[in-house]
Amino acid sequence: MLSDTAALFHHAGDNRTPLLAFNIITLEHAHAVLRAAEVAGQPVILQISENAARYHHGPAALIAACRVLAQTSTTSVSLHLDHVASVELLHLAADLGVSSIMVDGSRLPDQENIAFTKDSATWAHQHHLFVEAELGAIGGKGHPHTHGVRTDPAHAAAFVAQTGIDALAVAVGSQHAMTTRTAELDQALIQRLARSVPVPLVLHGSSGIADDALRLAVGSGIVKVNVGTLLNVAFTNAVRDTLAADLQQVDPRGYLGAARTATETAVLHLFHALIPTTAIDHGAGAHLTRPQSPPGPTDPIPTDEREAGDGAGLTAVPTAVPAEDARPCRRRRQQA
Ligand SMILES: [Zn+2]
């Protein structure tokens, strides 16, 4: 069923599980992710990046398809616009049926990123959207996810306070578009960020991180885990293998079907790798509704939980999601 991203963050906090988000490029990606999430019994975010929207000559068609699939899914699904740098796309978001957006001003100089993110978040909140953002080029002039660039905890806390965002993407060692899972995360930095930043932390570039390191990152304080390239590796390898095995193959359903199955397997592997069996077995993602009393600033996360590094200390409570944001989110879901 169609849910909203704020509710999924609440679910993650209540169940101490990470919130998995997958980048959708084709319809096969969406089918594969939802099927895997249903098998795992977990909620999931389908996210469409500005680049993917551009590939489809605009965001509307792919998001509409994802919305229909979400509405008919047996698990809770939210729709998210990822890496939005265009004000035009931002202003389309409210009419597209997504419940959250990632504002990407990370390539801007710091002060411009703050202004762009603050203005975008103000607009998005007025339209009942949950807002994720990313810091500028802290510690270097490259992209925040570039090797060696790290998010400073004090700077991150100030950025959240200045912009009013609801979740923060941090640079802790991952990089986008890695096809090997060999990147090393700075787990100690994640723990420091989790203690300093009052909103959930988001890891981009998770495809380049091995399962064990991802589990540690979740224990250290990462809440939302973004995955894109891992799906595309599985997808493309299946297409390549299928076509190589049958040079007479011309029906797209032959090789795209294989790609969809391979992608589903990769997604399901990640659910099982990151979420304990007990969480999967009780079907927590099905029929998810927003809690009656969403956690807020009056429900602080105990310090000892934030500092735990063994997976028990998942700091998932979205303290920056004010209760007033919950009402329009509920209305959005009921209208669906
Ligand atoms: Zn990203």
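In case you missed it, the structure is sitting above this.
The present account deals with the structure reproduced in this document. (Residues numbered from 1 in each chain as written. Predicted model: local features only at pLDDT ≥ 70, side-chain atom pairs only at ≥ 80, totals over all residues.)

Residue position: L8 is located in helix 1 (residues 5–15). Take L8: there are 29 C-beta atoms within 10 Å of it, and that puts it in the buried class. In the structure, L8 is positioned ten residues away from P18 in sequence and 9.9 Å away in space, judged by C-alpha atoms. In this structure, L8 is in contact with S3, L19, P43, I45, S76 and S78, ignoring residues within four places of it in sequence. (Helix = DSSP H or I, 4+ residues; strand = E, 2+ residues; numbered from the N terminus. Buried ≥ 20, exposed ≤ 12 C-beta atoms within 10 Å, placed from the backbone. Contact = placed C-beta atoms within 7 Å.)

This part takes up the sheet that holds strand 4 (residues 100–103). Strands in a sheet are paired, the pairing made by backbone hydrogen bonds, and the direction either parallel or antiparallel. Taken together, eight strands build a closed barrel; the order of strands is 1-2-3-4-5-6-7-8 and the barrel is parallel. Strand-to-strand twist in this sheet, taken as the mean axis angle between neighbours without regard to direction, amounts to 25 degrees. With two bridges joining them, strand 6 (residues 167–169) and strand 7 (residues 201–203) adopt parallel strand pairing. Opposite A169, over in strand 7, you have V202 as the bridge partner. In the packing of helix 5 (residues 87–96) onto the sheet, contacts are made with strand 3 (77–84) and strand 4, and the angle to strand 3 comes to roughly 170 degrees. (Pairing = 2+ DSSP bridges. Axes fitted to C-alpha atoms, helices over the stretch in contact; angles between N-to-C directions.)

With six of six residues buried, strand 8 (residues 222–227) lies mostly within the body of the structure. With four bridges connecting them, strand 1 (residues 19–23) and strand 8 associate as parallel partners. If you follow A21 over to strand 8, its bridge partner there is N226. As paired elements, strand 7 and strand 8 share three bridges and run parallel to each other. Each residue of the ladder has a partner; that of L203, found in strand 8, is V225. Read as a crossover between parallel neighbours, the route from strand 7 over helix 9 (residues 211–220) to strand 8 is right-handed. (Right-handed = clockwise from strand over helix to strand, strands pointing away.)

The subject of this paragraph is the environment of Q191. Summarising the element assignment, Q191 is placed in helix 8 (residues 187–196). Look at Q191 and you get buried, because 21 C-beta atoms sit within 10 Å.

The terminal C-alpha atoms of helix 10 (residues 229–245) lie 24 Å apart, and with 17 residues this matches the ideal 24 Å at 1.5 Å per residue to within 8%. The complete set of buried residues in helix 10 reads L230, L231, N232, A234, F235 and A238. Summarising the contacts, the buried residues of helix 10 are in contact with strand 1, helix 2 (27–40), strand 8 and helix 11 (252–274). (Expected span 1.5 Å × (residues − 1).)

For the rest of this paragraph, the subject is the packing of helix 2 against helix 11. Helix 11 packs onto helix 2 with a crossing angle of 40 degrees between their chain directions and a minimal axis gap of 8 Å. Considered as vectors, helix 2 and helix 11 are oriented oblique to each other. Crossing angle aside, the handedness with which helix 2 passes helix 11 is right-handed. Facing E28, H29, H31, A32, V33, R35, A36, V39 and A40 of helix 2, the residues of helix 11 in contact are L256, A259, R260, T263, E264, V267, L268, F271 and H272. When the residues that make up the contact of helix 2 with helix 11 are grouped by side-chain class, the tally is ten nonpolar, four polar and four charged. (Parallel < 35°, antiparallel > 145°, perpendicular 65-115°, else oblique. Left-handed = near helix turned anticlockwise from the far one by under 90°. Nonpolar A, V, L, I, M, F, W, Y, C, P; charged D, E, K, R; others polar.)

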